[in-house]
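Coordinate inspection notes
Spelled out, the chains give:
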Amino acid sequence: MSKNILEIYFSPSGRSKKVSKIFSNELVGEIKEIDLFEKGEPKEQELTKEDLLVVTLPVFSGRIPNLCVEKLKKFKGNNTKAVAIVAYGNREYDDALLELTDLLGKQGFEILAAAAFITRHSIFSEVANNRPDEDDIEKIKKFARECNEKIDKNEINKLDIKGNRPYKEVKPSPLMPTGDESCIDCGTCVEICPVEAISIENPRETDRERCINCTACIYNCSTNSRGYHIEQFKDIYNKFKTDNAKRKEPEIFL
Ligand SMILES: Cc1cc2nc3c(=O)[nH]c(=O)nc-3n(C[C@H](O)[C@H](O)[C@H](O)COP(=O)(O)O)c2cc1C
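Within each chain, residues carry numbers counting from 1 in the order of the written sequence. With pLDDT at 70 or above as the cut-off, local features in this predicted model cover only qualifying residues; side-chain atom pairs require 80 or more to be listed or tallied, and sums for whole chains, interfaces and linings still use all residues. Computation of side-chain values covers all heavy atoms of the structure but excludes hydrogens and water.

**Observations regarding the pattern of salt bridges**
Should a side-chain nitrogen of Lys or Arg be within 4 Å of a carboxyl oxygen of Asp or Glu, the pair is scored as a salt bridge. Applying the stated criterion across every chain yields a total of 22 salt bridges. Lys162 serves as the salt-bridge partner of Glu251, at 3.4 Å between the closest nitrogen and oxygen. You can see Glu251 sitting in strand E8 (residues 251-253) and its partner Lys162 sitting in the loop between helix H4 (134-152) and helix H5 (188-192), a full 89 residues away along the chain. One salt bridge in this structure joins Asp243 and Lys239, with 2.6 Å as the shortest N-O distance. On the criterion of helical spacing, the pair formed by Asp243 and Lys239 is a turn pair, its members being four residues apart in helix H7 (residues 233-243). Salt bridges here are not isolated pairs; linked through shared partners, they connect Arg131, Asp133, Asp136, Lys139, Arg247 and Glu249. Helix and strand definitions here come from DSSP, where helices need a minimum of 4 consecutive H or I residues and strands a minimum of 2 consecutive E residues; each element is numbered from the N-terminal end.

Listed below in structure tokens is the structure:
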């Protein structure tokens, strides 16, 4: 019997979506997609016990993005099976996967499986730049096949997800993208920003109160104007690159 799969992701710089697609394409069933990056609240939805939910989110400061927490509350399960995936930039995923599985549990989902995969660091883009690579892709596909088997056998076991409660505190970041003199006022960043932190009057500036530093404006800027234009960035970048040079490997909870 074919399953209805709801695939949800948030992916400002594209790599979480890539992981989600590789995973979901190996699943058996009919897929509907929801992109949490889209502005506005998603429609409330209730899933049945026979459905499957797949959620893939990036790790922001060892947590899942707050904006996604609020949006995910619109989805209710009825002991619906769910797969939780986080994508992180080779530093650590800290409490993000635990936070995601806790949240889904509270929303009425049963965690079938969970995983953390490594993806390019969207701020320090030389870190894990080519990931997910061929090895990762094989692991993501294998993980999906194992989920198919678990669904077939109707197995659910308690998973010991890595992480701590209370979750890691998120400290305000000194980093926030702005535009420089190469900005041509095209308005793409204004349009794309998921939290309306950039105004059409002066797209070189960013509203610090609103900005979640998701990097979407940087990756979508046609003139490479958006970036971290502060003096210390080069030093912060080099230190981060050195500290996080050692390759991490995917972790699977089944
Ligand atoms: C604000 C912010 C905070 C981040 N925090 C972490 C982190 O704590 N650990 C880590 O390894 N990567 C971290 N990253 C890197 C992202 O998790 C990684 O680049 C991910 O692939 C981004 O997903 P996307 O390509 O779908 O946007 C952070 C990125 C951003 C933008």
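There is more to say after this.
**Section: the packing of aromatic side chains**
The aromatic pairing rule takes the rings of Phe, Tyr and Trp, using the six-membered ring of Trp, and pairs them if the centres are within 6.5 Å, calling planes under 30 degrees apart stacked, those over 60 edge-to-face and the rest tilted. Across all of its chains, the model carries nine aromatic pairs by this definition. Consider the rings of Phe124 and Phe233, whose centres lie 6.0 Å apart with planes at 15°: the pair is stacked. Taken as a pair, Phe124 in the loop between strand E7 (109-118) and H4 and Phe233 in helix H7 lie far apart in primary sequence, 109 residues in all. No difference in accessibility class separates Phe124 from Phe233, as the two residues are buried. Between Tyr228 and Phe233 the ring centres are 4.9 Å apart and the planes differ by 35°, which places this aromatic pair in the tilted class. Residue Phe233 is classed as buried on the basis of its relative accessible area of 13%. Think of it in three bands: residues with accessible area under 20% of the maximum for their type are buried, residues over 50% are exposed, and the middle band is partly exposed, with areas taken using a 1.4 Å probe on protein chains only.

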